[in-house]
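# Residue-level structural notes
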Amino acid sequence: LEISQGAASEGKSAREYLCDLRELGLGSLPGTAAEILHDDVRAVICPDKLNTAEWLQVVGDAHAEGISTTSTIMFGHVEGVEAWAAHLVGLRGL
């Protein structure tokens, strides 16, 4: 979310913004507010955050710029096993 908002405020793509941050010394994006990568669940638990495709794009852009990331999964709320699986498949695709 912060990368997307920062890029928008600078009038840049997320990848351009990440490149600038890497050049300034950014080496990793820990945490990354993934919550759970399933849009139906995200609409309930974090409607103000990036959707799944946007999140995956930003993290993919970070990887393309050589920036390491980590991700968590938040579960036990309104989702089911299919949402857990979608989350893991999305991460594996990166």
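Residues numbered from 1 in each chain as written. Predicted model: local features only at pLDDT ≥ 70, side-chain atom pairs only at ≥ 80, totals over all residues. Heavy atoms only, no water.

## Looking at the environment of D61
Put simply, the rule reads: Only runs of H or I of at least four residues qualify as helices and only runs of E of at least two qualify as strands under DSSP, and these elements are numbered from the N terminus. Should any heavy atoms of two residues lie within 4.5 Å, those residues are counted as being in contact. Within 3.5 Å is the distance limit for a polar contact, defined as a pair of N or O atoms, with the added protein rule that one can donate a hydrogen and the other accept it, and that residues adjacent in sequence qualify only through two side-chain atoms.
As for its placement among the helices and strands, D61 is situated in helix α4 (residues 52-64). When the C-alpha atoms of D61 and V78 are compared, they prove to be 29 Å apart, with 17 residues separating the residues in sequence. The residues touching D61, leaving out its near neighbours within four places in the chain, are A14, R15 and L18. At a separation of 2.8 Å, a polar atom in the side chain of D61 contacts the side chain of Q57.

## Some remarks on the packing of helix α2 (residues 14-23) against α4
Going by this rule: Axis lines are fitted to C-alpha atoms, over the contacting stretch for helices. Their N-to-C directions set the angle, which ranges from 0 to 180 degrees. Roughly parallel means an angle under 35 degrees; roughly antiparallel means over 145; roughly perpendicular covers 65 to 115; every other angle is labelled oblique. For any pair of crossing helices, the crossing counts as left-handed if the nearer helix is rotated counterclockwise from the farther one by less than a right angle, and right-handed if it is rotated clockwise. The classification used treats Ala, Val, Leu, Ile, Met, Phe, Trp, Tyr, Cys and Pro as nonpolar, Asp, Glu, Lys and Arg as charged, and all other residues, Gly among them, as polar.
It is the contact of α2 with α4, at a shortest axis distance of 9 Å, that shows an interaxial angle of 40°. As the angle between them shows, α2 and α4 are arranged oblique. Note that α2 runs across α4; the crossing there is right-handed. Residues A14, R15 and L18 of α2 form the contact with α4, whose own contacting residues are V58, D61, A62 and A64. Here the contact of α2 with α4 is built from residues that sort into five nonpolar, no polar and two charged.

## Some points on the nonpolar core
Within soluble globular proteins, side chains that are nonpolar tend to cluster in buried spots. As a reminder of what qualifies: Nonpolar core, defined: a set of buried Ala, Val, Leu, Ile, Met, Phe, Trp, Tyr and Cys residues in which side-chain atoms within 4.5 Å join the residues together. Only protein chains enter the area calculation, which uses a 1.4 Å probe; residues under 20% of their type maximum are buried, those over 50% are exposed, and those in between are partly exposed.
Grouped together as the largest cluster of nonpolar side chains are 14 residues, with contacts concentrated most on I3, L18, L29, W55, V58, A62 and I67. Where this core is concerned, the elements lending two or more residues are α1 (2-10), α2 and α4. Here the element with the most residues in this core is α4; it accounts for four residues. For A62, the residues in contact, after removing those within four places along its chain, are L18, L29, I67 and T69.

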